[in-house]
Amino acid sequence: MLALFETLKRLESVEAPTVLLSGESGTGKDVVAHAIHHLGKRSQGPMMQVDCASLPENLVESELFGHERGAFTDARTQKRGIFEEAKHGTVFLDEIGEMNLAVQAKLLRALENRSFRRVGGTQHLNFNAGIIAATNRNLQDEVSEKRFREDLFFRLKVIQITVPPLRERREDVPML
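Residues numbered from 1 in each chain as written. Predicted model: local features only at pLDDT ≥ 70, side-chain atom pairs only at ≥ 80, totals over all residues. Heavy atoms only, no water.

A.B. asks: Honestly, the environment of Thr18 in this entry has me stumped. Any pointers?
C.D. replies: Examined against the element boundaries, Thr18 turns out to sit in strand β1 (residues 18-22). For Thr18, a relative accessible area of 15% translates into the label buried. When the C-alpha positions of Thr18 and Lys157 are compared, they lie 7.1 Å apart, and in sequence the two are 139 residues distant. Not counting residues up to four positions away in its chain, the partners in contact with Thr18 are Ile131, Arg155, Leu156, Val158 and Ile159. (Helix = DSSP H or I, 4+ residues; strand = E, 2+ residues; numbered from the N terminus. Buried < 20%, exposed > 50% of the residue type's maximum accessible area, 1.4 Å probe, protein only. Contact = heavy atoms within 4.5 Å.)

Here it is in structure tokens:
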């Protein structure tokens, strides 16, 4: 954990970090993500979080990028997505390994261009947020099995942090 804390300390000065957190379920990846946000230069902006595993497949894109009125059957009003809401803060994509390949392609395009379009929209909207993604899956294996885009994996793992399970850091038990 000391090595993890040293990495977090170095991230304090990074303007808009792109971080991939990996580790088993229950290791505290979300705690690490919040620490990165609160210790970094983006702490004054919002931290917008989406759990990619809990959203129905057809709503992930709308949650990330928003939608225009009339874009689909229940789109009665315009909705801003988390990329738009994050402004100069942080976007936290929890359980990114659960995201389907079609949305992965759109996410990759947004990360590469630092812009996106709302579902049903024509206007490109820019964003300037740090990106933190977390997964309990081995994304390298997912790439090998063609279940995760290799180009997105490399785009996300600019800074990669593995959060070890508590059984590998028993010395932390008394502190907890």
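A.B. asks: How do you make sense of the pattern of salt bridges when you look at a structure like this?
C.D. replies: Note that side chains of opposite charge can pair when their charged atoms are close. Counted under the stated rule, the structure contains 13 salt bridges. Glu84 serves as the salt-bridge partner of Arg80, at 3.8 Å between the closest nitrogen and oxygen. Looking at Arg80, the relative accessible area reads 35%, which means it is partly exposed. The class of Glu84 is buried, set by a relative accessible area of 16%. Ionic pairing is found between Arg137 and Glu142, a salt bridge with its closest N-O pair at 3.1 Å. In this structure Arg137 comes out as partly exposed when scored by relative accessible area, which is 29%. One network of salt bridges, in which partners are shared, links Glu68, Arg80, Glu84, Glu85 and Arg118. (Salt bridge = Lys/Arg side-chain N within 4 Å of Asp/Glu carboxyl O.)

A.B. asks: Which parts of the structure should I look at to understand the packing of aromatic side chains?
C.D. replies: Aromatic ring pairs: the centre-centre distance and the angle between the two ring planes describe each pair. Going through the model one piece at a time under the given rule, you end up with six aromatic pairs. Relative to Phe116, the ring of Phe83 has its centre 6.2 Å away and its plane inclined at 50°; by these criteria the two rings are tilted. Placement of the pair is Phe83 in helix α4 (residues 82-86) and Phe116 in strand β6 (residues 115-116), with a sequence separation of 33 residues. For Phe83, a relative accessible area of 1% gives the class buried. (Phe/Tyr/Trp six-rings, centres within 6.5 Å; stacked < 30°, edge-to-face > 60°.)

A.B. asks: How should I be thinking about the packing of helix α1 (residues 2-11) against helix α2 (residues 29-39) in this particular structure?
C.D. replies: Working note: a packed helix pair is described by the angle between its axes plus the distance between those axes. Put simply, α1 and α2 touch, their axes get as near as 9 Å, and they point 30° apart. Relative to α2, the element α1 is oriented roughly parallel. Viewed along their axes, α1 and α2 form a crossing whose handedness is right-handed. Packed against α1, whose contacting residues are Leu4, Leu8 and Leu11, the element α2 presents Val32, Ala35 and Ile36 at the interface. Class assignment of the residues belonging to the contact of α1 with α2 gives a composition of six nonpolar, no polar and no charged. (Axes fitted to C-alpha atoms, helices over the stretch in contact; angles between N-to-C directions. Parallel < 35°, antiparallel > 145°, perpendicular 65-115°, else oblique. Left-handed = near helix turned anticlockwise from the far one by under 90°. Nonpolar A, V, L, I, M, F, W, Y, C, P; charged D, E, K, R; others polar.)

A.B. asks: So what exactly am I meant to see when it comes to the side chain of Gln104 here?
C.D. replies: Examined against the element boundaries, Gln104 turns out to sit in helix α5 (residues 101-113). Ignoring any residue separated from it by four or fewer positions in sequence, one finds Gln104 in contact with Met99, Arg147, Phe148, Arg149 and Leu152.

A.B. asks: Teacher, can you tell me more about the pairing of strand β9 (residues 159-162) here?
C.D. replies: Moving residue by residue along a regular strand, the side chains alternate between the two faces of the sheet. Only one face of β9 is covered, namely the face carrying Ile159 and Ile161; the face carrying Gln160 and Thr162 is uncovered. In the sheet, β1 pairs with β9 via four bridges, with the strands oriented parallel. Among the inter-strand pairings, Ser22 is bridged to a residue of β9, identified as Thr162. (Pairing = 2+ DSSP bridges.)

A.B. asks: Honestly, the sheet that holds β1 in this entry has me stumped. Any pointers?
C.D. replies: Through backbone hydrogen bonds, the strands of a sheet pair up, either in parallel or in antiparallel fashion. One open sheet holds the five strands; their spatial order is β2-β5-β8-β1-β9, and the pairing between them is parallel. If you trace the sheet from one side to the other, it starts and ends with β2 (47-51) and β9, each paired once. The sheet shows a mean angle of 15° between the axes of neighbouring strands, direction not considered. Relative to β1, α2 is tilted by about 160°, and along the sheet it contacts β1, β2, β5 (90-94), β8 (130-135) and β9.

A.B. asks: Looking at this structure, I do not really get the nonpolar core. What am I missing?
C.D. replies: Across soluble globular proteins, nonpolar side chains show a tendency to be buried alongside one another. With 30 residues, the main nonpolar core has Leu64, Phe83, Leu93 and Ile96 as its most contacted residues. Looking at this core, the elements that each hand over two or more residues are α3 (60-65), α4, β5, α5, β8, α6 (139-144) and α7 (150-156). It is α5 that contributes the most residues to this core, five residues altogether. Ignoring anything within four residues of it in the chain, the contact list for Leu64 reads Val50, Gly81, Ile82, Phe83, Leu93, Met99 and Val103. Core analysis: the second largest hydrophobic core is formed by 15 residues, Val19, Leu21, Ala134 and Ile161 among them. (Core = buried A, V, L, I, M, F, W, Y, C linked by side-chain atoms within 4.5 Å.)

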